[in-house]
Amino acid sequence: MSTPLSFDSLASRAKIAVIVPATNTVVQPEMEAMRPPGVTNHVSRMLLPPRPYDDMQAYEQALKTEKGQLEEALTLVMPCEPHAVAHGHSIHSFRGDLHRAQAEEARLQALAGIPFVTPSIAVLEGLKAIGNPRRIGVLTPYWPPADAIIAAFFTACGFEVVASHGLKSTGPISVAQFTPDQIMQGFEGLDTPQVQALVHVGTNLPVSALTPAIEAHFGKPLIGVNVATYWLALRRLGLQDSLPGFGILAEQH
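Residues numbered from 1 in each chain as written. Predicted model: local features only at pLDDT ≥ 70, side-chain atom pairs only at ≥ 80, totals over all residues. Heavy atoms only, no water.

**Focus on unusual backbone geometry**
Residue Glu 81 is not a glycine yet carries a positive backbone phi of 60 degrees. You can see Glu 81 is positioned in the loop between helix H3 (70–77) and strand S3 (84–87). Since its relative accessible area comes to 23%, Glu 81 is described here as partly exposed. Phi at Asn 132 takes a positive value of approximately 60 degrees, unusual for a residue other than glycine. As for its position among the elements, Asn 132 is in the loop between helix H5 (119–129) and strand S5 (135–140). (Helix = DSSP H or I, 4+ residues; strand = E, 2+ residues; numbered from the N terminus. Buried < 20%, exposed > 50% of the residue type's maximum accessible area, 1.4 Å probe, protein only.)

Right, here's the structure in full:
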């Protein structure tokens, strides 16, 4: 599916394809706010099946088996000749262990023919960049079955999930409606002396611009999924710009 690399008047350095769920209203503006000069973002949307929130058994089954239209979204965005793809959908990439995550990213990269960044790998690379703290606290917008999948992933990757808190959103649109105060309260539930770093998973939760305030309040680094994904897309293209206003990872690594 790869196309010849091309630049244009606005994209003098890179074009980044951003694939998000059709319901996601946070990834696009957050990654646009992080965009350095000479880089342009190009969004494609993927349909996802509805996930039940009133039946946790059905919810868990959907998490394990659902398949969105990622390949179709990739097909739609590739004709603009991007240089990398940033995938703005969390939960699918956190299923399983590190081997599965690496294999899935490699499959998608081979399909695209250009660097393809998945959220789980981006968060792991972000943690590595800040010194690889092993004891983490994880905030999500999810319900317990999804939180368990994410905790199992990090555990399989050698981390200790000291604390985990899901905000229990009642649907994909409602994830973006959590206020800064509600998000900060969610992180409060993770703040124990044992936690060395904070992690945020769930791309429609508007955390990115809050990162400096969260890090200052708790005195701990935060690896947010959207910041990490866009940061890694830039780094894989050799772009080392600091991204001011988005925390320690984006500004210093």
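Further notes follow.
**So, the sheet that holds S3**
Reading across the sheet, the four strands line up as S2-S1-S3-S4 and stay open at both edges, with parallel pairing between neighbours. Only two strands of the sheet have a single neighbouring strand rather than two, namely strand S2 (39–46) and strand S4 (116–117). Judged from the eight bridges that link them, strand S1 (residues 14–21) and S2 form a sheet pairing that is parallel. Residue Ala 14 lies in a different strand from S2, and its bridge partner there is Val 39. Docked against the sheet, H3 engages S1, S2, S3 and S4, running at close to 140 degrees with respect to S2. (Pairing = 2+ DSSP bridges. Contact = heavy atoms within 4.5 Å. Axes fitted to C-alpha atoms, helices over the stretch in contact; angles between N-to-C directions.)

**Here we look at the packing of helix H8 (residues 180–188) against helix H9 (residues 211–218)**
Angle between the axes and distance between the axes are the two parameters that describe a pair of packed helices. Axis separation between H8 and H9 bottoms out at 11 Å; the angle between their running directions is 40 degrees. By crossing handedness, the relation of H8 to H9 is classed as right-handed. Touching Met 184, Phe 187 and Glu 188 of H8 are Ala 213, Ile 214, His 217 and Phe 218, all from H9. Residues of the contact of H8 with H9, tallied by class, amount to five nonpolar, one polar and one charged. (Left-handed = near helix turned anticlockwise from the far one by under 90°. Nonpolar A, V, L, I, M, F, W, Y, C, P; charged D, E, K, R; others polar.)

**Considering the pattern of salt bridges**
Inspection of the entire model under this criterion finds seven salt bridges. In this structure, Glu 32 engages Arg 35 in a salt bridge whose closest nitrogen and oxygen atoms are separated by 2.8 Å. Given the relative accessible area of 36%, Glu 32 is considered partly exposed. Assessed through its relative accessible area of 32%, Arg 35 is described here as partly exposed. Glu 125 is the partner of Lys 128 in a salt bridge, and the nearest nitrogen-oxygen pair spans 3.4 Å. Taken as a pair, Lys 128 and Glu 125 lie in helix H5 at a separation of three residues, close to a single helical turn. What makes Glu 125 partly exposed here is its relative accessible area of 27%. (Salt bridge = Lys/Arg side-chain N within 4 Å of Asp/Glu carboxyl O.)

**Notes on the nonpolar core**
Formed by 49 residues in total, the largest nonpolar core has its most connected members in Val 123, Leu 127 and Phe 154. Among the elements that line this core, the one with the most residues is helix H10 (residues 225–236), at eight residues. Setting aside residues up to four positions removed in sequence, Phe 154 forms contacts with Phe 94, Val 123, Leu 124, Leu 127, Ile 136, Val 138, Phe 159, Val 161, Val 199 and Val 201. (Core = buried A, V, L, I, M, F, W, Y, C linked by side-chain atoms within 4.5 Å.)

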